[in-house]
Amino acid sequence: MAQPLIRLKDVTKTYTRGGETLTVLNRLALDMEEGGYFALMGPSGSGKTTLLNLIGGLDRADHGLVAVAGEDLTVLEGAALSAWRARTVGFVFQGFNLIPVLTALENVELPLKLTGLSGKARREHALHALELVGLSDRAKHRPGQLSGGQEQRVAIARAVVSDPKLILADEPTGDLDRASAEQVLTLLDKLNTQMKKTILMVTHDPHAAQHARTIVHLDKGQLGRIEHNQPAAARA
Amino acid sequence: MLVPLSYNLRSLFVRKSATLLTVLGVGAVVAIVSGTLALQQGFHHMFTTGGRDDVAVFLRPGATNEGDSQFSRDRGLKLIKSVPEIEIGPNGPLAGMEAYLALLLAPKRGGVTNVPLRGVQPVTFEIRAKEVRISEGRNFTPGHDELVVGARLVDRIENCRIGDVLTLNKTPFKVVGILDHDGQFGGEIWGDLDRLLAAMGRYGPNRVIAQLKPGIELGSPDPAKALFSDEPVEPDEGTVAARLLKDTEVPAKVCTESQYLSSQTVMLSGMLVFIGGGLGFIMGLAAIFTAMNTMLASVAARTREIGILLSIGYRPFPIFLSFLFEALVLGLIGGLVGCVLTLPFNGVSAGAMNFQTFTEMAFAFRVGPMVLLVAIGFSIALGLIGGALPAWRAARLRPTAALRRE
Amino acid sequence: MPPIVLLWRNLWRRPLRSILTVMSLAVAVFLICGLRSIITTIRAAADNCDPRRLAVMSASGLFVELPLHYQARIDKVPGVEITTKFQWFGGYYRSQKNFFAQFAIDPETMFAMYPECKVEPDAIQRMATDRTACIIGSSLAREFGWKVGDTIPLVGALHPHPEDKAWEFKVAGLYHSDRPNFDNRTLFFRWDYFEETLKQGGVPPAVGVYSIRVAPGADVAQVIADVEDVFKDSEQRIDCTTEAEFQRQFQSMFGNMPLFLTWIGAGVLIAILVASVNTMLMAMREQTPDIGILKALGFTDGSMFVLFLLQSTFLALLGGGLGVFGALATAPFISAGLEMFAPGYAVQPGTVVLGAVVALAIGPIAGILPAMRARSLTCIAAFRGE
Ligand SMILES: Nc1ncnc2c1ncn2[C@@H]1O[C@H](COP(=O)(O)OP(=O)(O)OP(=O)(O)O)[C@@H](O)[C@H]1O
Ligand SMILES: [Mg+2]
């Protein structure tokens, strides 16, 4: 088998606060293959967001190896790291997802500004991505004029617009009602099955986790159980 | 129910950088305005202290100031002898002739300036025994080519120290003393009347001053009024002033020294107040904008808190008052900073041209209670005006809207 | 490069705040331009003088007069082309508040020497035939509504009329000068009328300032030295300088006022800088989550730095531009209001440049602190609202 998309080895992350050292991730080792759909679960404070940030190159491990898509993130820095992020990862956060002064279309277009695409091509791509999440008619709306679920779908459109290999989602359904959450999850399924994106999603919701094919449990910074699952989408 | 004041005071403290910057901005504006006012006050103070009601100033009719006025020696003497209202001292009438000239000298800032030069008779020191004193060195000797220099000139004009020599046209005069006077004389150079007239090639004195007998009313119209009136201002019939003006031998325009001095300040004083007011208005706008910005941010950042206050039963008006209070405190602190910035200027000498005589007047910034009061009042006004709109916005929030907004 | 669309959009995020900041910047730049214009206007008087014109006055100052017979002696100095004389009249029209300058002059030599003082030929003709004639500046005429043929009564505060009445001058015409060294608010009248009237009262007339034009080809410095030499041992010491220097000396008598204007300008700058920093810090606090998002998307730290620097520059340029525009637009009105103190008030190109430089400089200076914070902020800190 080829290199896994994500390879974690011995990953340790600690925070010092007021002289006290808090080990958030403790010698974590895990491989995730390309094309997978992973759910990361665990109690609050167990280090899920921290791990996601390390994989997305938003934060740096104190120790160990974090290799994603063939790059060793522990040595990548500055502009090179930014460029890598733009190329490789799409983010969907729980809150703070969209820039409030930009329209949905402009928000989706943002990652493309880092590519060499022309303005026209950018707009076409962005419209296409909005279509994918079913929000073409909301292109001109500001985030303030969208519902929470619609905002998350715009965020998903933005995450895929630059065609990254990996989508990282931190509690994408955390603030949503059942129906909106279902829409968002269906979209993620589609990205995984049809567009072959690797997805890593942090969630508290066991129902949401059922959409993933692998469920990784994290507890007090250490790897717990790993469940393999036959997701509903695949069954259908 | 009022919102506790500590709630707003704490907010000012929590938002340190915004508070600090606003306070500095308001402070700078207040400093500009109060600095200009301190200049005006210094100028006003210089001219009005030492202005005496029992000293009369005689000018040639038609003259507007002592620079314009001119008497010949004989007419001056005749005037002194012929006015019964003049007090008699041990050595005769307490009245003297004065020459008012200007000397082109080099101020230390560069360029040139006209420094007032006053020729006086010994009797002047009798009349002014209480006000004028020689603080250093000695007085000039009558009949000699000697000068005493006003204390405010010493550090501002070249060649004004004891032992220096000032050349009047072609005659060298020696500086022998420092003249101390809170009023205008502290910015002048004094010497013997006849020696100065001879040296400068002038034939007569400019004005006559005299101490009046107690209880004498001259009845002169306010000369300051004449500055602005389109009609000639005449003294009322039957007054001493009217009699002297109509005198067939030596007609003279007379008024008290206080009146004379206040007429000399009106123009520059008015100009400084105008400049200060104009600057205050324009820069006040900028300061109000700054204060308003800060308060708007403060309200925006506490939208949720306001929502909570409203939902637990606080009425909009106390909330309005509480934010207004916050703005007021902000302005007040700015005003205090402005005062602190202005205070070091207190007593610093400055020179400005008196447009009425074209001579330079030396006077000191005066940061008195009046300046401080205006500064504080101004800063409070800035705070209140700047805070009104944000406070109104805060009070107008509906609890649901306040809680919903991100 | 940061997304440029954000520049404009963030400006309208809090419209009131942006408007207030832009307005206070505009006010400050307007004030700075105005203050500088006053100073340059005063200076322009000296800078525009004809370098071949000299002034001779008493070494003891303007208050001391020179004898009439000096003119003949000056005329004899080699290199002197023409001389003319001025005497300050120091009168007022009805009330002292109506202040303007009046001089007794020799019309023929005066007009020959000051070509910038433009007078119609008719007026010169009338001036020559009527002893009590005067010419008045165009601004003065407008201010008091005087026209050709009017009689202007002036109270001779400094030179009382021997018959104890007002002096009367008949307007022969108006003059106009478009050079800042020659103002349009003065009354000139004939020397012979002045002299004869004073003599009736037994007062010998004297001269305030003699003006000299150096002949083409003659050395100005040499003429100055020669003129001073002629009067070395005379009863009144004299001071001979170029007209520009004379103007500068006169301006230096304004005392510390120009210095105060500069201080005020500095105070204004500080106030406005502080206000702009305040606004930019508020903007940066508000946009903190955006910085997190943009950085997560792959925008670099450097581009975030640029974004904030551009935002404050944009704001400052907008305000500064408005201020400079305001200064230019109000110049005619201010000019009319300042006729008395700074005649010919005008906003010089240099002042426009100064306003532009202030506007250009304030932006980056006010933006540098927030920009540095935006650069060093990590995504994680941004999302945590730090
Ligand atoms: N910058 C930081 N400084 C100090 N401690 C931190 C920091 N970031 C996170 N932590 C701590 O690290 C631990 C893990 O945080 P993390 O956000 O990864 O948890 P999580 O699993 O995502 O929790 P949740 O489900 O509540 O989102 C927590 O105890 C948190 O307090
Ligand atoms: Mg988390």
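Nothing here was measured: the structure is a model prediction, and the numbers come from that model.

Cut-offs and rules
- Residues numbered from 1 in each chain as written.
- Chains lettered and ligands numbered in written order.
- Predicted model: local features only at pLDDT ≥ 70, side-chain atom pairs only at ≥ 80, totals over all residues.
- Heavy atoms only, no water.
- Helix = DSSP H or I, 4+ residues; strand = E, 2+ residues; numbered from the N terminus.
- Rg over C-alpha atoms; globule rule 2.2 N^0.38 Å.
- Buried < 20%, exposed > 50% of the residue type's maximum accessible area, 1.4 Å probe, protein only.
- Contact = heavy atoms within 4.5 Å.
- Areas by Shrake-Rupley, 256 points an atom, 1.4 Å probe, with all protein chains shown as cover.
- Lys, Arg positive; Asp, Glu negative; His and termini not counted.
- Charge placed at Lys NZ, Arg CZ, Asp CG, Glu CD.
- Domains from an automatic or database assignment.
- Buried area = accessible area lost by both parts, 1.4 Å probe.
- Salt bridge = Lys/Arg side-chain N within 4 Å of Asp/Glu carboxyl O.
- Pairing = 2+ DSSP bridges.
- Axes fitted to C-alpha atoms, helices over the stretch in contact; angles between N-to-C directions.
- Left-handed = near helix turned anticlockwise from the far one by under 90°.
- Nonpolar A, V, L, I, M, F, W, Y, C, P; charged D, E, K, R; others polar.
- Core = buried A, V, L, I, M, F, W, Y, C linked by side-chain atoms within 4.5 Å.
- Polar contact = N/O pair within 3.5 Å; in protein donor to acceptor, adjacent residues only side chain to side chain.

Trainee: Please provide a residue-by-residue account of the overall build of chain B, values included.
Mentor: When helices and strands are tallied, chain B shows 12 helices and 14 strands. For chain B, the C-alpha radius of gyration of 29 Å lies well beyond 22 Å, the compact-globule estimate for 406 residues. If one aligns the C-alpha atoms of chain B with their principal axes, the spans along those axes are about 95 × 50 × 35 Å. Across the 406 residues that make up chain B, the buried fraction comes to 56%. Of all intrachain contacts in chain B linking residues separated by at least 6 positions in sequence, the fraction that spans at least 24 positions is 77%. Counting every atom, chain B has about 16400 Å² of accessible surface; 62% of that belongs to carbon and sulfur. Computed over 38 positive and 35 negative side-chain charges, the inter-centroid distance for chain B is 13 Å.

Trainee: Now, about the domain arrangement of chain C: what can you tell me, with residues and values included?
Mentor: Residue and element names in this part refer to chain C. Domain assignment breaks chain C into domain 1 (3-46 + 256-383) and domain 2 (65-235). Here the C-alpha centre of domain 2 lies 48 Å away from the C-alpha centre of domain 1. Listed per partner, the contact involves 5 residues of domain 1 and 6 residues of domain 2. Here domain 1 meets domain 2 over a buried area of about 570 Å², counting both sides, of which 66% is carbon and sulfur. Its largest share of buried area at the contact with domain 2, domain 1 owes to Ala45, Glu339 and Met340, together 69% of the area lost on that side. Linking domain 1 with domain 2 are 0 salt bridges, by the criterion used here.

Trainee: Break down the sheet that holds strand β3 (residues 37-41) of chain A for me, citing the residues and quoting the values.
Mentor: The strands making up a sheet are joined through hydrogen bonds of the backbone, oriented either antiparallel or parallel. Residue and element names in this part refer to chain A. Reading across the sheet, the 6 strands line up as β6-β7-β8-β3-β9-β10 and stay open at both edges, with mixed pairing between neighbours. Either end of the sheet is taken by a strand with one partner, and the two such strands are β6 (89-92) and β10 (222-228). On average, each strand axis in the sheet is inclined to that of its neighbour by 20 degrees, with strand direction left out of account. Note that β6 and strand β7 (residues 166-170) share 4 bridges and pair parallel. Looking at the pairing, Phe91 lines up with Leu168 of β7.

Trainee: Tell me about the pattern of salt bridges, and name the residues and values.
Mentor: Scanning all chains against the criterion turns up 46 salt bridges over all chains. Among the ionic pairs, Glu257 of chain B bridges to Arg128 of chain B, the shortest N-O distance being 2.8 Å. Residue Glu257 of chain B is located in helix α8 (residues 257-301), and its partner Arg128 of chain B is located in the loop between α4 (122-127) and β6 (133-137); the two are separated by 129 residues in the primary sequence. Ionic pairing is found between Lys199 of chain C and Glu195 of chain C, a salt bridge with its closest N-O pair at 2.8 Å. Placement of the pair is Lys199 of chain C and Glu195 of chain C together in helix α7 (residues 191-200), with a separation of 4 residues, close to one helical turn. It is possible to trace a salt-bridge network through shared partners that takes in Arg52, Asp54, Arg128, Glu131 and Glu257 of chain B.

Trainee: Residue-level account of the side chain of Glu106 of chain A, with values.
Mentor: Of note, Glu106 of chain A is situated in helix α3 (residues 104-109). Excluding residues within four positions of it along the chain, Glu106 of chain A makes contact with Val5 and Arg9 of chain C.

Trainee: Give a description of the packing of helix α2 (residues 15-47) of chain C against helix α13 (residues 349-376) of chain C that names residues and reports values.
Mentor: Residues and elements named next belong to chain C. Contact geometry for α2 and α13: axes closest at 9 Å, N-to-C directions at 145 degrees. Handedness of the α2/α13 crossing: right-handed. Along the contact surface, α2 presents Leu25, Val29, Ile32, Cys33, Arg36, Ser37 and Thr40, while α13 presents Gly350, Thr351, Leu354, Gly355, Val358 and Ile362. When grouped by side-chain class, the residues that make up the contact of α2 with α13 number 7 nonpolar, 5 polar and 1 charged.

Trainee: So what's going on with α7 of chain C? Which residues, and what values?
Mentor: All names here are of chain C. All buried positions along α7 are accounted for by Trp191, Tyr193, Phe194, Glu195, Thr197 and Leu198. Close packing links the buried residues of α7 with β2 (80-88), β3 (101-105), β7 (167-176) and β8 (186-190). With its phi angle positive at about 75 degrees, Gly202 sits one or two positions after the end of α7.

Trainee: Would you mind going over helix α9 (residues 243-252) of chain C in detail, with residue names and values included?
Mentor: Where burial is concerned, most of α9 of chain C is hidden: 7 out of the 10 residues are buried. For α9 of chain C, the secondary structure elements touched by its buried residues are α2, β1 (53-58), β9 (209-214) and β10 (238-242) of chain C.

Trainee: Which residues make up the pairing of β8 of chain C, and what are the values?
Mentor: Residues and elements named next belong to chain C. Within β8, 5 of the 5 residues are buried, which leaves the element mostly enclosed by the surrounding structure. In the sheet, β3 pairs with β8 via 5 bridges, with the strands oriented parallel. Directly across from Phe103, in β8, lies its bridge partner Phe188. Here strand β5 (residues 133-137) runs beside β8; their pairing, made up of 3 bridges, is antiparallel.

Trainee: Give me the lowdown on the nonpolar core, citing residues and values where you can.
Mentor: Membership of the largest hydrophobic core comes to 60 residues, with the highest contact counts inside it found for Leu8 and Ile55 of chain A. With residues near it in sequence (within four places) discarded, Ile55 of chain A still touches Ile6, Leu8, Val66, Val68, Leu73, Trp84, Leu166, Leu168 and Leu200 of chain A.

Trainee: Can you explain the arrangement of the chains? Please cite residues and give values.
Mentor: The top pair by number of contacts, from a total of 2 pairs of chains in contact, is chains B and C. Chain A shows no contact with chain B. Their nearest C-alpha atoms sit 10 Å apart.

Trainee: Which residues make up the interface of chain C and chain B, and what values do they have?
Mentor: Each partner contributes to the interface: chain C provides 58 residues, whereas chain B provides 64 residues. At the surface where chain C touches chain B, the tally comes to 0 salt bridges. Counting the contacts that link chain C with chain B gives 11 residue pairs in polar contact (both at pLDDT 80 or more). Top element by residues in the side of chain C that touches chain B is helix α10 (residues 257-286) of chain C. It accounts for 16 residues. Class assignment of the residues belonging to the side of chain C that touches chain B gives a composition of 33 nonpolar, 17 polar and 8 charged.

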